[in-house]
Structure formats: structure tokens, C-alpha cells
Amino acid sequence: MNLHSSKTLNNGVKIPFLGLGVFQCNDGDETFNAVRWAIEAGYRHIDTAAAYGNEKSVGQAIHDSGINRDELFVTTKLWKEDMLQGTQMKAFEKSLKLLQLNYVDLYLIHWPVPGKTLESWKVLEDIFKSGRARAIGVSNFVQRHLDFLLQDAKIVPAVNQIQCHPYFTQQPLVAYCEKLGIACEAWSPLGGTGGNLLDDLVLKKIAEKHAKSVAQIVLGWDLQRGTITIPKSTHQKRIIANTDLYTFKLSKDDMKAINERNQDTRPYPIGWDPDHIDF
Ligand code: A2P
């Protein structure tokens, strides 16, 4: 495995296992620089969302990087308001415009919205058929939401992007998605801004053993588990460090010890539960 290793989605499209996430990156220099540094460091996968409010800077950084479009995997997401207002297609077109792209590689329903998910999925299916998204998927869907969607869907989601890290491993949902041929992507893989995952003493011990940082161990755990992972950072050093995941291998015991850190709850600071979320 290396920085360009990818997972093949259920429609044959390849997604790099490692991407840069830009949740909570301010539009402007902060996002522009993070994306620029990531591309310079070899990332070929950028994950944004309309709701992050930074698609413009993501698009500018991609444009200015001069990288060939087909070398980059870009994800964005449909926000709840546009599902409620029936403006899904308009929202997608706005995202494309802000990103300065003719197509995205992956377009996701950001959160399930009761009563609006099926209608929105049909729009995503149309977008996929038009070639303006190479793959479509969902985010923050629990098993119940997936079952509901699949009763009606013509296209099985390629991806379910979920909150996932050693304190919240979501193993049952990961296994369920695997059974359905849906790839899991981990958001907040490092436990999120303001979280305490990176101070975990068990993880620190494993990190010391491998002469790596806790962040690298956690991201390595994602990769060895087969999960796509999109750590966020606005610091160039960390963006680079988060790519150094291929010179160590976690043992079976390491993987077990990390899995056992699971607390099975959506931990602080981001406890949003898709079943009870009210933005
Ligand atoms: P920063 O942007 O200041 O680097 P997640 O991806 O789980 O949401 O976590 C992102 C948080 O972890 C951010 O607060 C980010 O802060 C921080 N972070 C990212 N990479 C590292 C790293 N290698 N070491 C320590 N903290 C990191």
C-alpha cells in the first residue's frame, strides 16, 4: 500500500484510501493552503461539502495546482436545506461552479432527511447518469436509513461516509455496508477538533513502539481495516505527516488493542446522532 492506493467502489471507480478533509476549514487562505499543501504532499483525494462553505477555495486551490483533473478525486455533498426545499439539482450545479469543475468524483447526501431522502436520491441518480458525478453515495446513514433507501434505489450507494475512529469504531455498520457492497469512509478519523483521542495512553504506547505519532497509528488502523479516511488539518507539517502511513504495519495485537478502545458512543465534541440530529 502507498499514498496512491485506492479502493474500487461498487461501480468500478477507484477512490484513494487517504484524502484531505476540510470540515471546519475557513473559506479563503486556510482552505486554499490546506488543499494546496495536500496536493503538493501527494494527496489525490479532497473531501468537501456545500455546508462547509469552502468549495470556492477548494476549487481555486485545485485549479491553481495545475494538476490533471483525472488525477484527482473530489467529493462534495448535498446539504439538508436543499433537500427540504427541493433545490437539489441547483445545489449540485452551484457546487460544481464553486469548485470550477465539470464533474465531481463523488456526490453524497450529507445527512438523511426524513421524508426527503428518496426524492433526493433520485436527483443524485440523474446526476450520476448525466456523467457529472462518477459515483454517488450517502453520509451519516445508519442501517435503518440504508435499508429504507435500498427499497427504492436504482443505484446502490457507492459510499457511506460515517463518523468513525477508535473511540467509535462502528464495526456493525461497517460490516453491514461491506455486505451491501458500500464502501465506508471515516470522517473525524482523528477524533475531531477538540477531541481527546490523540491523548489516549494505549494508543500512545502503540505509537511509541512503532516510532510514529498517535495520528499516524490511527490512520494506519483505518487503512489496515480497509476504511477510506479523510483527516483534516490546516497545518502543512501535519498534512505531510498524515501521509506517512506506509512504513509500519500494525500487528494483530495492535489492531485488537485499538479496536478495544471503542466506547460505542458518539463522543464529544461531535456527538451528532443521525437519528436525532436537528441542525
Ligand atoms: P489542525 O487542523 O489544527 O491540524 P479529524 O480529522 O478527526 O476531524 O481531526 C482533525 C483534528 O486533528 C484537527 O483539529 C486537526 O487540527 C488535528 N490534527 C490533524 N492532523 C494531526 C496530527 N498529525 N497531529 C495532531 N493533530 C492533528
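As a reminder, the structure under discussion sits directly above these lines.
## A closer look at the overall build of the protein chain
Here's step 1: Within the protein chain, the secondary structure is distributed over eleven helices and ten strands.
Here's step 2: Whereas a compact globule of 279 residues would reach a radius of gyration of roughly 19 Å, the protein chain reaches 18 Å, a difference of no more than 12%.
Here's step 3: Projected onto its principal axes, the C-alpha coordinates of the protein chain cover approximately 50 × 40 × 35 Å.
Here's step 4: Considering the protein chain as a whole, with its 279 residues, one finds that 54% of them fall into the buried category.
Here's step 5: For the protein chain, long-range pairs separated by at least 24 residues make up 74% of all intrachain contacts whose partners lie at least 6 apart in sequence.
Here's step 6: Charge centroids of the protein chain, computed over 32 positive and 32 negative side chains, lie 2 Å from each other.

## Overview of the packing of helix 4 (residues 88-99) against helix 5 (residues 117-130)
Here's step 1: One can describe the packing of helix 4 onto helix 5 by two numbers: an axis separation of 9 Å at closest approach and a directional angle of 45°. What the angle tells us is that helix 4 and helix 5 run oblique. Relative to helix 5, helix 4 is oriented so that their crossing is right-handed. Contacts from Q88, M89 and F92 in helix 4 reach E119, S120, V123, D126 and I127 in helix 5.
Here's step 2: For the contact of helix 4 with helix 5, the per-class residue count stands at four nonpolar, two polar and two charged.

Rules of the game
Residues numbered from 1 in each chain as written. Predicted model: local features only at pLDDT ≥ 70, side-chain atom pairs only at ≥ 80, totals over all residues. Heavy atoms only, no water. Helix = DSSP H or I, 4+ residues; strand = E, 2+ residues; numbered from the N terminus. Rg over C-alpha atoms; globule rule 2.2 N^0.38 Å. Buried < 20%, exposed > 50% of the residue type's maximum accessible area, 1.4 Å probe, protein only. Contact = heavy atoms within 4.5 Å. Lys, Arg positive; Asp, Glu negative; His and termini not counted. Charge placed at Lys NZ, Arg CZ, Asp CG, Glu CD. Axes fitted to C-alpha atoms, helices over the stretch in contact; angles between N-to-C directions. Parallel < 35°, antiparallel > 145°, perpendicular 65-115°, else oblique. Left-handed = near helix turned anticlockwise from the far one by under 90°. Nonpolar A, V, L, I, M, F, W, Y, C, P; charged D, E, K, R; others polar.

Function cannot be inferred from these measures alone, as they are strictly geometric.
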